[in-house]
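Residue-level structure breakdown
Spelled out from the first residue to the last, the chains are:
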Amino acid sequence: MSFYGTTFPTADNRVQTQKLQQLLAYLNQNSPFYQQLFRERQVDISNVKSLAGLALLPITTKEDLQQRNNDFLCVSRDKIIEYASTSGTLGSPVTIALTENDLNRLALNEYNSFLCADGSDKDIYQLMLTLDRQFMAGIAYYSGLRKLGAGIIRLGPGVPSLQWETIERLQPTTIVAVPSFILKLIQYAKDHQIDLNASSVKKAICIGENIRNTDFSYSILGKKITEAWDIKLYSTYASTEMQTAFTECGEGHGGHLQPELLIVELLDDEDSPVLPNTPGEVTITTLGVEGMPLLRYKTGDICMYFDEPCACGRTSLRLSPILGRKKQMIKFKGTTLYPPALFDLLNEIPEVVDFVVEVYPNEIGLDEVLLHLLSIDQTEAADRKIRAYLQARLRVSPHVRYIAAAEMHKMQFPETSRKAIKFVDKRV
């Protein structure tokens, strides 16, 4: 059965329609943002009688969520249990408030995801990701594994030596990590004569970076990992705002939608639905979220979808790896960055007089960020302050290169330019 350019099994269609109608009534009663939006756009929610009725509803953007963050809250403050946030690279961080019900839903989401990725209560998972700093993924993975009944090792990111010492001591079967960090684990093992394939780790849940091409073959990053280590990789795609993950099964042919938790549309530049196997912007509607539900929220990520049944037996829609980013979006070490937000951040640093932001692909096809900076002074103290500020605000550390005023002027004002160039994109 098709709706709005997307194919769903009949049972999923009925469940999603019912939950969509419940969501609209909930937003109309409890959300200051959507109450105003419905009123201004003259939206009659009673006209939405099927999923095709999504076309009657307005779009929500990242800018809406940033500028009117608190107006998305649908519960009183005393109902909020957890505050998660985005990285703040769109300007000010976006807070997503979760109730007890939302935390339970988040756990269910990751429980389903780990089952999809061939997990069981017999597995032991070593979490190599940030577990604090309001990072939703950390608490999501932990909660899902608790529900699964699996063993959990909360080690956090970085420090390959400690990761390997813990692997050898506690014998985890699965790691959860950013793929580029897995390469660092591999390099450390080679440097210290650790036999990768003799270790207990047989699976990796990969977050934040693509490990596959659009035809589902391994990307350069995926190949480098699997050629060095006989390990099964599972890709997962999620965002703080959607509070839901698309996770690969063992077939490795796209991340599976959880239709009871999310409606997904893939839209073109005119906000019309695209056909299967056609790039479109991932646009989500959260189902069952109590604290800060979202309606037709445009993520900025470009993917394709596939609606034929998967060889694993699941019939849910699947998403491809991320193909690209709207408005020059950068994916750097698992963190989403935008040039305007980087500009704002650099303008806040007193030691930085001027700058050019450069993005380029590294040897494994991932985005790298190089900041060309003109500093008030090039002392070690100023450098430390700049780098510490960048790390604190971005949660990742871009490359920094200090240049003189003459070179800065040459970079910003090439012969063909009529205005200062602050962003150089070498990915295309």
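For the structure given in this document, a descriptive report is provided here. (Residues numbered from 1 in each chain as written. Predicted model: local features only at pLDDT ≥ 70, side-chain atom pairs only at ≥ 80, totals over all residues. Heavy atoms only, no water.)

1. What to know about the overall build of the chain
We apply this condition: Strands here mean DSSP runs of E at least two residues long; helices mean DSSP runs of H or I at least four residues long; both are numbered from the N terminus. Atoms considered for the radius of gyration are the C-alpha atoms alone. The globule rule reads 2.2 Å times the number of residues to the power 0.38. Under the scheme applied here, a residue whose accessible area is under 20% of the maximum for its type counts as buried, over 50% as exposed, and between as partly exposed, the area being computed with a 1.4 Å probe on protein chains only. Throughout, a residue-residue contact means that at least one pair of heavy atoms, one from each residue, lies within 4.5 Å. To be clear on the numbers: accessible area is Shrake-Rupley with a 1.4 Å probe, and residue cover counts the displayed protein chains and nothing else. Charged residues are defined narrowly, with Lys and Arg counted positive, Asp and Glu counted negative, and His plus the chain ends left uncounted. Charge positions are represented by NZ for Lys, CZ for Arg, CG for Asp and CD for Glu.
For the chain, the count of helices and strands is 11 helices and 23 strands. What you see for the chain is a C-alpha radius of gyration of 22 Å, in line with the 22 Å of a compact globule of 428 residues. The buried share among the 428 residues of the chain stands at 52%. Residue pairs in contact within the chain that sit at least 24 positions apart in sequence constitute 67% of those at least 6 positions apart. If you sum the accessible surface of the chain, you get close to 18900 Å²; carbon and sulfur atoms cover 50% of it. Between the centroid of the 45 positive side chains of the chain and the centroid of its 51 negative side chains there is a distance of 1 Å.

2. Examining the environment of Gln171
Quick reminder of the rule: Polar contact is defined as a pair of N or O atoms within 3.5 Å, subject to the rule that within protein one atom must be able to donate a hydrogen and the other to accept it, and that residues adjacent in sequence are counted only when both atoms are side-chain atoms.
Summarising the element assignment, Gln171 is placed in the loop between helix 6 (160–170) and strand 7 (174–177). Overall, Gln171 belongs to the partly exposed group, its relative accessible area being 42%. Sequence separation of Gln171 and Gln36 is 135 residues, and the distance between their C-alpha atoms is 54 Å. When residues no more than four places from it in sequence are discounted, the contact partners of Gln171 are Ile124, Thr166 and Ser200. Within the structure, the side chain of Gln171 is placed 3.0 Å from the backbone oxygen of Glu168, a separation counted as a polar contact.

3. Observations concerning the packing of aromatic side chains
The relation between two aromatic rings is expressed through the spacing of the ring centres and the mutual angle of the planes. To keep things clear, this is the line we draw: When the centres of two rings from Phe, Tyr and Trp lie within 6.5 Å, Trp using its six-membered ring, the rings pair. Their planes under 30 degrees apart give stacked, over 60 give edge-to-face, and anything left gives tilted. A ring is scored as having a charge over it whenever the NZ atom of a lysine or the CZ atom of an arginine sits within 6 Å of its centre and within 35 degrees of its normal.
The tally for this structure, following the rule as stated, stands at 9 aromatic pairs. When the ring of Tyr34 is compared with that of Phe72, the centres are 5.6 Å apart and the planes differ by 90°; the resulting orientation is edge-to-face. Of this pair, Tyr34 sits in helix 2 (residues 32–40) while Phe72 sits in the loop between helix 3 (62–67) and strand 3 (80–85); the two residues are 38 residues apart in sequence, bridging distant segments of the chain. Its relative accessible area of 0% is what places Phe72 among the buried residues. Three or more aromatic residues link up through ring pairs in this structure, and these residues are Phe33, Tyr34, Phe38 and Phe72. Across from the ring centre of Phe355, 4.2 Å away, lies the NZ or CZ of Lys422, which sits over that ring.

4. Side note on the packing of helix 4 (residues 100–116) against helix 5 (residues 136–148)
The condition that has to hold: Throughout, an axis means a line fitted to C-alpha atoms (over the contacting stretch in the case of helices), and angles, computed between N-to-C directions, take values from 0 to 180 degrees. Under this scheme an angle from 65 to 115 degrees is roughly perpendicular, one under 35 degrees roughly parallel, and one over 145 degrees roughly antiparallel; angles in between are oblique. Polar here means any residue outside two lists: the nonpolar Ala, Val, Leu, Ile, Met, Phe, Trp, Tyr, Cys and Pro, and the charged Asp, Glu, Lys and Arg; Gly therefore counts as polar.
Contact geometry of helix 4 with helix 5 gives a least axis separation of 7 Å together with a crossing angle of 70°. Classified by the angle between their axes, helix 4 and helix 5 sit roughly perpendicular to one another. Residue-level inspection shows Leu103, Leu106, Ala107, Leu108, Glu110, Tyr111, Phe114 and Leu115 of helix 4 in contact with helix 5, the latter providing Met136, Ile139, Ala140, Tyr141, Ser143, Gly144, Leu145, Lys147 and Leu148. Across the contact of helix 4 with helix 5, the residue classes break down as 13 nonpolar, 2 polar and 2 charged.

5. A few points about the environment of Ile45
Among the secondary structure elements, Ile45 is positioned in the loop between helix 2 and helix 3. Separated by 20 residues in the primary sequence, Ile45 and Ala25 place their C-alpha atoms 7.4 Å from one another. Every residue in contact with Ile45, bar those within four places of it in the chain, is listed here: Leu24, Ala25, Asn28 and Phe38.

6. A short note on the sheet that holds strand 8 (residues 203–206)
We count it as follows: A strand pair is defined by DSSP finding two or more bridges across the two strands.
The strand order 6-5-7-8-9-10-11-16-15 describes an open sheet built from 9 strands, whose pairing is mixed. The two strands at the open ends of the sheet, each matched to only one other strand, are strand 6 (151–154) and strand 15 (305–306). Of the pairings in the sheet, the one linking strand 15 to strand 16 (residues 318–319) comprises 2 bridges and is antiparallel in character. Across the sheet, residue Tyr305 finds its bridge partner in strand 16, namely Leu319.

7. Considering the environment of Tyr234
Its location among the elements puts Tyr234 in strand 9 (residues 232–239). By relative accessible area, Tyr234 is classed as buried at 3%. Once residues within four sequence positions are removed from consideration, Tyr234 is found in contact with Ala117, Asp118, Lys203, Ala204, Ile205, Cys206, Ile211, Glu248, Cys249 and Gly250.

8. Structural notes on the nonpolar core
Worth spelling out the cut-off: What we call a nonpolar core is a set of buried Ala, Val, Leu, Ile, Met, Phe, Trp, Tyr and Cys residues that are connected through their side-chain atoms within 4.5 Å.
One finds Leu20, Tyr34, Phe246, Val264, Leu295 and Leu319 to be the most contacted residues of the largest nonpolar core, which totals 49 residues. With near-sequence residues (within four places) excluded, Leu20 lies in contact with Val48, Ser50, Leu51, Leu54, Ile263, Thr285, Leu287 and Leu295. By size, the runner-up hydrophobic cluster in this structure holds 23 residues, among which are Ile175, Ala177, Leu196 and Ile225.

9. So, the sheet that holds strand 22 (residues 399–402)
Reading across the sheet, the 4 strands line up as 22-21-20-23 and stay open at both edges, with mixed pairing between neighbours. What marks the edges here is a single partner per strand, and that holds for strand 22 and strand 23 (423–425). Each adjacent strand pair in this sheet contributes to an overall mean axis angle of 20°, direction not counted. In this sheet, strand 22 lies alongside strand 21 (residues 367–375) in parallel orientation, the contact comprising 4 bridges. Bridge assignment links Leu370 to a residue of strand 22, and that residue is His399. In this fold helix 10 (residues 380–394) packs onto strand 20 (352–361), strand 21 and strand 22, with an angle of close to 150° to the strand it touches most, strand 22. The sheet strands contacting helix 11 (residues 405–412) are strand 20, strand 21 and strand 22, and the helix crosses strand 20 at an angle near 55°.

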